[in-house]
Amino acid sequence: MRASRNELILKIALPVPLRRCFDYLGDEKLFATPPRPGIRVKVPFGKSNTHTGIVLGVSRDSELPVAKLKKIITVIDQEPVFDATLLQLLEWASSYYQYPIGEVLFGALPPPLRRGDPIKSKSEYAWELTATGRHMDSSGLKRAPGQARLLNMLQSGSGEQLRVELKNRQWRAPLQALLNKGIVQKSAIVTAASEHNSAAKNIALNVDQIQAAATVCERMGEAKRYLLYGVTGSGKTEVYIEIIKKVIAAGRQALILVPEIGLTPQLIQRLRGSISAHVVVLHSALSAGERLQAWIEAGNGTAAIILGTRSAVWVPLQNPGVFIIDEEHDISYKQQDSFRYSARDVAIMRSKLSAAPIILGSATPSMESIQNVHSEKFASLTLTSRTGDASHPAISVIDMRGKRMFGALSGELVEAIAAEMHNKQQVLLFLNQRGFSPVILCHACGWMVKCPRCDTRMIYHKHLNTYSCHRCNSQSRPANECPDCGGRELLPIGHGTERLAETLTELFPSARILRIDRDSTRRKGSMQQMLEQITAGDADILIGTQMLAKGHHFPKLKLVGIVDSDRGLFSTDFRAGERLAQLFIQVSGRAGRENLRGNVIIQTHYPHHPLILSMIDYDYQEFAKIILRERQETNLPPYSYLTLLRAEDYHSPAVERFLTEAKNNLNLMNANLEIFGPMPAIVEKQAGRFRYQLLIQSNDRNLMQRTLEPWSKSLENLKSAKNVRWSIDVDPQELV
Ligand code: ADP
Ligand code: ZN
Ligand code: ZN
């Protein structure tokens, strides 16, 4: 129906879990100019609620009777919060991942803007010395040591680092005092050049690096796609830096994504050390205010470099010049709950919409990216060797069968560690299991401690003196006796990082042992502190889970031991082989940088397994060939496309009913997709809920997309959907 003359019909996205937008009436007088998509408004919703909404479109018509439409209350923004390209990206992502548009849009906004706060940049200022202050001797402030220290700081430094330091509470009073005495004054912030670290080391790029950077820079304004492949330490970061310099010189911005927060400090330092530009970071550990500020600076172009984790892919950019996804294979680019997007894939689409190149960098590219190079969707850039004198590690395999063990360690590995301790070198032992032991069983009858809410065993944590479930976080006090037979001997079986640390303390009592896993790094800043300790050489043996496998740079590390490689060899997930190969190369890459030849020792009971054999050659490309051949034979990604419909509930019949109806709906659409299930998930019960899934497969991505959209809307209307939790996962990374 048509609206009357002075009224517009606005299509508005609201933060509600429905796959649609809502029509509202807007009086033309509310708008100085016709409302543009991306503008926020306040609207009535439900009986008495108001919501912030985002305008997606304007029209004169509605499918609903105009008289029934509600009126918007106010207009919040003059300028859209998302520019046209970003809005297009968000709409694409909502439809590609079958996730409600309102939740996608609101999820991309910093929290204060979701609430409807106006976009306001904090007016920032810096502190600087007055002429008096510049020539003053701090000994004149003896009675006020805080002020004296502050004066010394101001006299010896300037720039971003100092500005950040001065935000610390402890300086508030001394600053005020110096201000009153006319020793300091407020000044406007000078960004850009002031952040340049004059001590920047100037590295002469090698031929491969020059070639790689030049290839990208030649076609700057095009949405070209590159896979930058180079082993750890081959100088990929230097290539990024070279490209970013060119991008910034052209007045454009660079967005760099890294898989986890822990990797940002090192990278910021290197960026600031070699590029004179304003860098902002975006990740979940920032306060709402800091996030908003970075978001604003990226959107208005004040920030030239934006460095962030997964969700930074949604940051507004004034003039994007390049997208860089470091460690592109990393699974953390895929959000594993609610809106299940892949930041890497979203960035690829963003590059296309923004007409700017994208570079995916990795020492262990995903099979998808390698296949994209084969099919020439991506150009390949390769760095062939490690820089400087560092070379590939020497790899050896220890056949553990029948060997005498010291805890989780074979005698040979113990000897190798002892040799490094003797030479005062660092050792990293990799064990992807936190806690003390992954199994606790009754010696009398074999009963095992299981999680009461999941289909999994409890993990024994000795430090915390608890049994803990790593799936649902249930915890209980360790039992004194077996509930089945009353037996009093409950044995911890298998080894976690805690137990490994105990073994090592017994074997090497004078070694400084550092355990780095999610338990030991829970406290804010502790990860950073441990990394510094490692870099400084203040630790001899590091015990780490996969947390430690990623991108960190440990200059003093000599030996890496892979304590348990067997578990990764046998798994129901078709990606397990790929992950094991990546993990192995990444972990081994920690050894032997900066002139040390590294050693890697793998412990296994299956020394002849093909994956173990290809590890010895340290040849990821060979790995990839084996894995891709398998995937092709079984028609799995990247040779086909998958979508998973997951559902869970306390009553399994409700879940099965929903999935059966969902399957029927899909069959009715006659789309010629392969459908498997409903079937139980690998972990069938979790946190008390039964989990089932439907797997959909096709070789035709467009067909899959065209079918998923109406299908996902049809699921919202199923009665059986009301009783269960369900979600759609397009391009799932884990089938568990
Ligand atoms: P990647 O990102 O591939 O792991 P980096 O860029 O971090 O590799 O480089 C590893 C180390 O080698 C760094 O310390 C870096 O400063 C140094 N480096 C990189 N390129 C060169 C070069 N051309 N000459 C000398 N040193 C280099
Ligand atoms: Zn028992
Ligand atoms: Zn549990």
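Residues numbered from 1 in each chain as written. Chains lettered and ligands numbered in written order. Predicted model: local features only at pLDDT ≥ 70, side-chain atom pairs only at ≥ 80, totals over all residues. Heavy atoms only, no water.

Caption draft 1: Quick peek at the sheet that holds strand β3 (residues 40-45). Taken in spatial order, the five strands line up as β2-β1-β4-β3-β5 in an open sheet, and their pairing is antiparallel. Because the sheet does not close on itself, it has two edges, and the strands there are β2 (22-27) and β5 (74-75). Bridging between β3 and strand β4 (residues 49-59) involves six bridges; their strand directions are antiparallel. When the sheet's bridge partners are listed, Val 43 is paired in β4 with His 51. (Pairing = 2+ DSSP bridges. Helix = DSSP H or I, 4+ residues; strand = E, 2+ residues; numbered from the N terminus.)

Caption draft 2: Expanded view of the pattern of salt bridges. One pass over the structure, following the stated rule, counts 30 salt bridges. For Arg 631, the salt bridge goes to Glu 578, with nearest N and O atoms at 2.7 Å. Here Glu 578 lies in helix α18 (residues 576-588) and Arg 631 lies in helix α20 (residues 620-633), a separation of 53 residues in the sequence. Like Glu 578, Arg 631 is buried. Connected through salt bridges with shared partners, the residues Lys 334, Arg 340, Arg 646 and Asp 729 form a single ionic network. (Salt bridge = Lys/Arg side-chain N within 4 Å of Asp/Glu carboxyl O. Buried < 20%, exposed > 50% of the residue type's maximum accessible area, 1.4 Å probe, protein only.)

Caption draft 3: The environment of Lys 722, seen in detail. Position of Lys 722 relative to the elements: it lies in the loop between α22 (701-716) and β31 (725-730). Through-space distance from the C-alpha of Lys 722 to that of Glu 674 is 26 Å; in sequence the pair is 48 residues apart. At 3.1 Å, the side chain of Lys 722 and the backbone oxygen of Glu 716 are in polar contact. (Polar contact = N/O pair within 3.5 Å; in protein donor to acceptor, adjacent residues only side chain to side chain.)

Caption draft 4: Region of interest: the coordination of the zinc ion (ligand 3). Within the first shell, the zinc ion (ligand 3) binds the protein through Cys 451 (SG), Cys 454 (SG), Cys 469 (SG) and Cys 472 (SG), at distances of 2.2 to 2.3 Å. The sequence pattern describing where the donors of the zinc ion (ligand 3) fall on their chain is C-x2-C-x14-C-x2-C. Of this pair, Cys 454 sits in the loop between β19 (439-442) and β20 (459-461) while Cys 469 sits in the loop between β21 (466-468) and β22 (475-476); the two residues are 15 residues apart in sequence, bridging distant segments of the chain. Given the relative accessible area of 5%, Cys 454 is considered buried. (Donors = N, O, S within 2.8 Å, 3.2 Å for Na, K, Ca; no water.)

Caption draft 5: Spotlight on unusual backbone geometry. A cis amide bond, omega 10°, links Pro 637 with the succeeding residue Pro 638. If you trace the backbone, Pro 638 turns up in the loop between α20 and β28 (641-649). The linkage connecting Gly 677 with the following residue, Pro 678, adopts the cis geometry, with an omega of 5°. Inspection of the secondary structure puts Pro 678 in strand β29 (residues 674-686). One non-glycine residue, Ser 338, lies in the positive phi region at around 35°. Tracing the backbone through its elements, the reader meets Ser 338 in the loop between β12 (320-326) and α12 (343-354). Note on Ser 338: relative accessible area 41%, which makes it partly exposed. Residue Glu 376 is not a glycine yet carries a positive backbone phi of 65°. Mapped onto the secondary structure, Glu 376 falls in the loop between α13 (367-374) and β14 (379-383). A relative accessible area of 70% means that Glu 376 is categorised as exposed.

Caption draft 6: Representation of helix α7 (residues 172-180). Pro 174, Leu 175, Ala 177 and Leu 178 are the residues of α7 that are buried. Seen from one end, α7 has its buried residues packed into an arc of 160°, which puts them on one side. Across α7 from its buried face, at more than 90 degrees, point the exposed residues Arg 172, Ala 173 and Asn 180. One or two residues past the end of α7 sits Gly 182, with phi positive at roughly 75°. (Arc of directions from axis to C-beta.)

Caption draft 7: Summary view of the confidence of the model for the protein. When pLDDT is averaged along the protein, the result is 88; 94% of the residues meet or exceed 70. In this model, residues 190-196 is a region of pLDDT below 50 whose contacts with residues beyond four sequence positions or in other chains number 17 contacts. (pLDDT = per-residue confidence, 0-100. Contact = heavy atoms within 4.5 Å.)

Caption draft 8: Seen up close, α18. Between the first and last C-alpha of α18 there are 18 Å, a value that for 13 residues agrees with the 18 Å anticipated at 1.5 Å per step. Across the 13 residues of α18, eleven count as buried, placing the element largely inside the fold. Ala 576, Gly 577, Glu 578, Leu 580, Ala 581, Gln 582, Phe 584, Ile 585, Gln 586, Val 587 and Ser 588 are the residues of α18 that are buried. (Expected span 1.5 Å × (residues − 1).)

Caption draft 9: Summary view of the sheet that holds β20. Sheet architecture is open: three strands sit in the order β20-β21-β22, paired in antiparallel fashion. A strand with exactly one partner marks an edge of an open sheet, and here the two such strands are β20 and β22. Sheet topology places β20 next to β21; three bridges connect them, and they run antiparallel. For Ile 459, the partnering residue across the bridge sits in β21 and is Ser 468.

Caption draft 10: A look at the nonpolar core. Counting residues in each nonpolar core, the largest one holds 75 residues, and the members touching the most others are Phe 82, Leu 105, Ile 306, Trp 314, Leu 645 and Trp 711. In this structure, Met 530, Leu 531, Phe 623 and Leu 628 belong to the second largest nonpolar core, which totals 40 residues. (Core = buried A, V, L, I, M, F, W, Y, C linked by side-chain atoms within 4.5 Å.)

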